[in-house]
Amino acid sequence: MSELAARPADPVVGLAAAHESAALHATGFAMYTDDLAGRTAGVLTAWPVQSTSAHAKVTVDVSGAYRVPGVVRVLTADDVPGENDAGVKHDEPLFPGEAMYHGHALVWVLGETPEAARRGAAAVTVRYEQMSSLITVTEAIAAGSYQGATRTVVRGDAAEALGTAPFVFEGVTEFGGQEHFYLETQASLAHVDSEGQYFVESSTQHPSETQEIVAHVLGIPSHRVTVQALRMGGAFGGKEMQPHGLAAIAALGARLTGRPVRVRLNRTQDITMTGKRHPFHIAWRAGFGADGAVLALEATLTADGGWCLDLSEPVLSRALCHVDNAYWIPHVKLVGRIAKTNKTSNTAFRGFGGPQGVFLIEDIFGQAAPILGIDPIDLRRRNFYSPGQITPYGQLVKDAERMRAIWDRVRSEADIDARRAEIATFNAQHEHVKRAIAMTPVKFGISFNFTAFNQAGALVHVYKDGSVLVNHGGTEMGQGLHTKMLQVAATALGVPLAQVRLAPTRTDKVPNTSATAASSGADLNGAAVKNACEQIRDRMTPVAARLLGVDDDAVRFSDGIVTAPGARRSATFTEVVAASYLARVQLFAAGYYRTEGLQWDAERMHGSPFKYFSYGAAATEVEVDGFTGEYRLRRVDIVHDVGDSLSPQIDLGQIEGGFVQGVGWLTLEELRWETGHGPDRGRLLTQSASTYKLPSFSEMPEKLTVRFFAEAREDGAVYGSKAVGEPPLMLAFSAREALREAVGAFGPPGRTVVLGSPATPEAVFWAIRSAQGERPSVAPAGEPVAAGG
């Protein structure tokens, strides 16, 4: 077996390759889960009856549904043969007796058509016994409503350091969640075969866990359930946990009716029933030296978990592990807790708590810089980690020197200093329009915080004609994972890319897989695919050596040709495969990989949970209209560390997409609930694209330049690559900080700017008004400055 990071002479990895389904996507021939229902005879549609109360005990009368033509069955708790629960924490009843949020699915109606199922659901009668509800995080804090474990990260003595710090800032930072708004809504299709086996097509990031939930709801072993994930039309974390219950509904319906059952949420159902990115409430105090060095940080992070735990505990843990971002903070005390509210259960979202942790420290730097009288770019750089330093949770910051190198490269290649001088001139000449440039870094840990998830499997077949079929445990949600796996397999076997095909992800091919999440899909599955391919290639090598008349060590596989220095001849890969088959050589292999070097104590929040860190930096220039608060992104420059890229074109798209999605969260996307005490309390008000603003072409930067950080091989990862899915999202803080600086330009210097989140034009407008008003700008040494939002 070769070293994990080593590449052969002519690798297929590292080449720009089109997405493996690009042509299908562009022509409309790509099939998704619900498309399969149209090709399946006798399919029933499941439709939810949703609660119209945020919190109430419910009594459901389904008799009215059976009077609707086309209604076949109504699924209720009485129909569940196994466990009436859709989660891994056993706190998510599939058919609840108590509605926990407005929109909660209470029962499901099966109809011959979607219209019949919809009308049947409308005929179900629900009686509510109203109970008190908590809609906001602040309401939950006041009521002491928490769930899950409280976690703490401590280093040094933050209280003592804050007591002696020359400058102490304090505040409360609050920011909202984010709707995944994947183009393909949640979908499942289930049927039972002649042998009593359940086959479930699901738009899921975690097929193995979907399999487990379906099995325990049905009360059967997992070997009777096969889950296939064909492809997803987006997921962003929203299909890591949330599909399980929907797949169980489809499978339960198939069991009770003997017919295929589909669940496909419409947009309103999807957005009102599924979880979001976690909003956070953070109370904090930060101490700085006169030179701008961060001395201490105390913070209490409260995540809005919604009505049940879902993934809130690991999301909170990752947030606590990313409060430091790229900065050395000698004294730290961070406390994390999860609020329980009567809203949808918040869940994984790209970054998985990392962005929420980074938000705090970047907000603190943004508020502190004007009062300290230090350029924000310099303030951030002087606080970067240095080689040999350790995070507050105890991990050595590997390759810390890359952060300064990337930062300086952005500053130089984007010509920041000259442009800032031009902006100063522009701002002096324009009273009602201001511009600004800001830079922010990202240091993001790669691996699952839950160590056991850092493993993967693959199954590779080489057929007698030399063609190759790859199965692996990762799922394709548009991010290009399958494309990278094809390139890994082609490189490891030494065949052209066109000779390899990738099969849909299935639990009966690769079992016990982890979710495709934590930016680790390529790292884990790529290493497993490489392992399987190398087993096959190593078995074929002696056969090839005999064909070529050379020693085994001399044999080389490349581009479909098998050669060796000084050999009498060469052979095609297909020739060697045929000869290997006749020699009874095994031409298939199960590959496996587990990430080494990880150790993590979740109770103590201490150890080394990450294999490595991904680094990046972005500079964003904005222009803000003082009359309206409207703004535009004039230019964005990014340098990002992807190691030795497996697929540069895929990675480029991930960086661009991640940045824009981050800009959406930080500046556009605002979730609003009815918080009054009327009958609609707890109802989501932003239920569609008409009320929930997503980034579009008009929000794209006028100029966007992305460069990879060179000479960045990661020795601990497959073919020297690095993860790219989540880290670029946090580069978008540069846009938020640029808006803050532009707002500050409307008022006198030396004043902190408090900017709401998301920083919508409305929030920017009110921040401008505040910046123009009279506010204290600095306190004596040791005195706190109120700088919170």
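Preceding block: the structure.
Engineer: Which residues make up the sheet that holds strand E18 (residues 468-472), and what values do they have?
Structural biologist: One open sheet accounts for four strands, arranged E19-E18-E17-E24; its pairing is mixed. Strands with a single pairing partner mark the edges of an open sheet, and in this sheet they are strand E19 (500-502) and strand E24 (588-594). Here the strands of the sheet are splayed against their neighbours by 20° on average, with no regard to which way each runs. Direction of pairing for strand E17 (residues 455-462) relative to E18: antiparallel, over a ladder of five bridges. By the bridge assignment, Ala458 is partnered in E18 with His472. The sheet strands contacting helix H14 (residues 481-493) are E17, E18 and E19, and the helix crosses E19 at an angle near 145°.

Engineer: Run through the sheet that holds strand E29 (residues 704-708), naming residues and quoting values.
Structural biologist: One open sheet accounts for four strands, arranged E16-E27-E28-E29; its pairing is mixed. Each edge of the open sheet is held by one strand with a lone partner, namely strand E16 (433-446) and E29. Strand-to-strand, the axes of this sheet are offset by a mean angle of 15°, without reference to chain direction. Packing of helix H12 (residues 401-413) onto the sheet brings it into contact with E16, strand E27 (612-625), strand E28 (631-640) and E29, and relative to E27 it is tilted by some 30°.

Engineer: Outline empty space enclosed by the protein, listing residues and values.
Structural biologist: Taken as a whole and judged by the stated rule, the model has six cavities of 30 Å³ or more. The computed volume of the largest cavity comes to approximately 340 Å³. Ala86, Glu92, Tyr101, Gln242 and Met273 are, among the 21 residues lining the largest cavity, the residues nearest its centre. Only strand E5 (105-111) and helix H7 (243-257) provide two or more residues apiece to the lining of the largest cavity. It is H7 that contributes the most residues to the lining of the largest cavity, three residues altogether. In terms of residue class, the lining of the largest cavity is made up of twelve nonpolar, seven polar and two charged. For the second largest cavity, the calculated volume is near 80 Å³. Lining the second largest cavity are 14 residues; nearest its centre among them are Asp523, Leu524, Tyr593, Thr595 and Lys611. Within the lining of the second largest cavity, the residues separate by chemical class into seven nonpolar, five polar and two charged.

Engineer: Hey, could you go over the pattern of salt bridges for me, with residue numbers and the actual values?
Structural biologist: Two side chains of opposite charge can pair, provided their charged atoms sit close to one another. Tallied over the full model, the rule gives 50 salt bridges. Across the pair Asp34 and Arg264 runs a salt bridge, and its minimum N-O distance is 3.6 Å. Taken together, the residues Asp34 in helix H2 (residues 33-37) and Arg264 in strand E12 (residues 261-264) connect sequence positions 230 residues apart. For Arg264, a relative accessible area of 37% puts it in the partly exposed group.

Engineer: Give me the environment of Ala303: which residues, what numbers.
Structural biologist: By the secondary structure assignment, Ala303 is in strand E14 (residues 294-304). Among the residues examined, Ala303 registers a relative accessible area of 0% and is labelled buried. Sequence separation between Ala303 and Arg277 is 26 residues; the distance between their C-alpha atoms is 9.9 Å. Every residue in contact with Ala303, bar those within four places of it in the chain, is listed here: His278, Pro279, Phe280, Leu316, Arg337, Ile338 and Ala339.

Engineer: I'd like to hear about the nonpolar core, residue by residue, with values.
Structural biologist: Membership of the largest hydrophobic core comes to 106 residues, with the highest contact counts inside it found for Phe288, Val624 and Val764. Residue contributions to this core peak at ten residues, all from helix H10 (residues 354-372). Setting aside anything within four residues of it in sequence, one finds Val764 in contact with Val624, Gly629, Tyr631, Leu739, Val743, Leu755 and Ala759. With 50 residues, the next largest nonpolar core counts Leu493, Val500, Ala545 and Val562 among its residues.

Engineer: Pulling in residues and values, what's your account of helix H16 (residues 573-582)?
Structural biologist: The periodicity of an α-helix, 3.6 residues per turn, causes residues three or four positions apart to be oriented the same way. Buried within H16 are the following residues: Phe573, Val576, Val577 and Ser580. Angularly, the buried residues of H16 cover 105° about the axis, an arc narrow enough to put them on a single face. Residues of H16 that are buried make contact with E17, H14, helix H15 (521-548), strand E21 (556-558), strand E22 (561-563) and strand E23 (571-572). At the C-terminal side of H16, Arg584 shows a positive phi close to 60°.

Engineer: If you had to explain the packing of H15 against H16 to someone new, which residues and values would you point to?
Structural biologist: For the pair H15 and H16, interaxial distance at closest approach is 9 Å and the crossing angle is 105°. When the axis of H15 is compared with that of H16, the two are roughly perpendicular. In contact with Met540, Val543, Ala544 and Leu547 of H15, H16 contributes Phe573, Glu575, Val576, Val577, Ala579 and Ser580. Partitioned by chemical class, the residues of the contact of H15 with H16 number eight nonpolar, one polar and one charged.

Engineer: How would you summarise helix H19 (residues 761-771) if you had to cite specific residues and measurements?
Structural biologist: Within the span of H19, buried status applies to Ala763, Val764, Ala767, Ile768 and Ala771. Angularly, the buried residues of H19 cover 140° about the axis, an arc narrow enough to put them on a single face. Structurally, H19 contributes buried residues whose contacts are with E27, E28 and helix H18 (733-744).

Engineer: Which residues make up the packing of aromatic side chains, and what are the values?
Structural biologist: The geometry of an aromatic ring pair is captured by two quantities: the separation of the ring centres and the angle between the planes. If you walk through the whole model with that rule in mind, you get 21 aromatic pairs. The interplanar angle of 80° and the centroid separation of 5.8 Å between the aromatic rings of Phe359 and Phe733 together place this pair among those described as edge-to-face. Placement of the pair is Phe359 in helix H10 and Phe733 in helix H18, with a sequence separation of 374 residues. In this structure an aromatic cluster arises from ring pairing among Phe169, Phe288, Tyr327, Phe365, Phe384 and Trp407. The ring of Trp665 carries Arg277 above its face, with NZ or CZ at 4.9 Å from the centroid.

Engineer: Which residues make up the side chain of Lys443, and what values do they have?
Structural biologist: One can find Lys443 in strand E16. For Lys443, a relative accessible area of 1% gives the class buried. There is a polar contact of 3.4 Å between the side chain of Lys443 and the side chain of Asp324. With residues near it in sequence (within four places) discarded, Lys443 still touches His322, Asp324, Asn325, Ala326, Tyr385, Thr391, Tyr393, Val397, Phe613, Ser614 and Tyr615.

Parameters and conventions
- Residues numbered from 1 in each chain as written.
- Predicted model: local features only at pLDDT ≥ 70, side-chain atom pairs only at ≥ 80, totals over all residues.
- Heavy atoms only, no water.
- Pairing = 2+ DSSP bridges.
- Helix = DSSP H or I, 4+ residues; strand = E, 2+ residues; numbered from the N terminus.
- Axes fitted to C-alpha atoms, helices over the stretch in contact; angles between N-to-C directions.
- Contact = heavy atoms within 4.5 Å.
- 1 Å grid on protein atoms, 1.4 Å probe; cavity = no way out; pocket = protein on both sides within 12 Å on 5 of 7 lines; lining within 4 Å.
- Points joined across faces, edges and corners; volume = space filled by probe spheres on them.
- Nonpolar A, V, L, I, M, F, W, Y, C, P; charged D, E, K, R; others polar.
- Salt bridge = Lys/Arg side-chain N within 4 Å of Asp/Glu carboxyl O.
- Buried < 20%, exposed > 50% of the residue type's maximum accessible area, 1.4 Å probe, protein only.
- Core = buried A, V, L, I, M, F, W, Y, C linked by side-chain atoms within 4.5 Å.
- Arc of directions from axis to C-beta.
- Parallel < 35°, antiparallel > 145°, perpendicular 65-115°, else oblique.
- Phe/Tyr/Trp six-rings, centres within 6.5 Å; stacked < 30°, edge-to-face > 60°.
- Lys NZ or Arg CZ within 6 Å of the ring centre and 35° of its normal.
- Polar contact = N/O pair within 3.5 Å; in protein donor to acceptor, adjacent residues only side chain to side chain.

Honestly, it's all geometry; don't read function into it.
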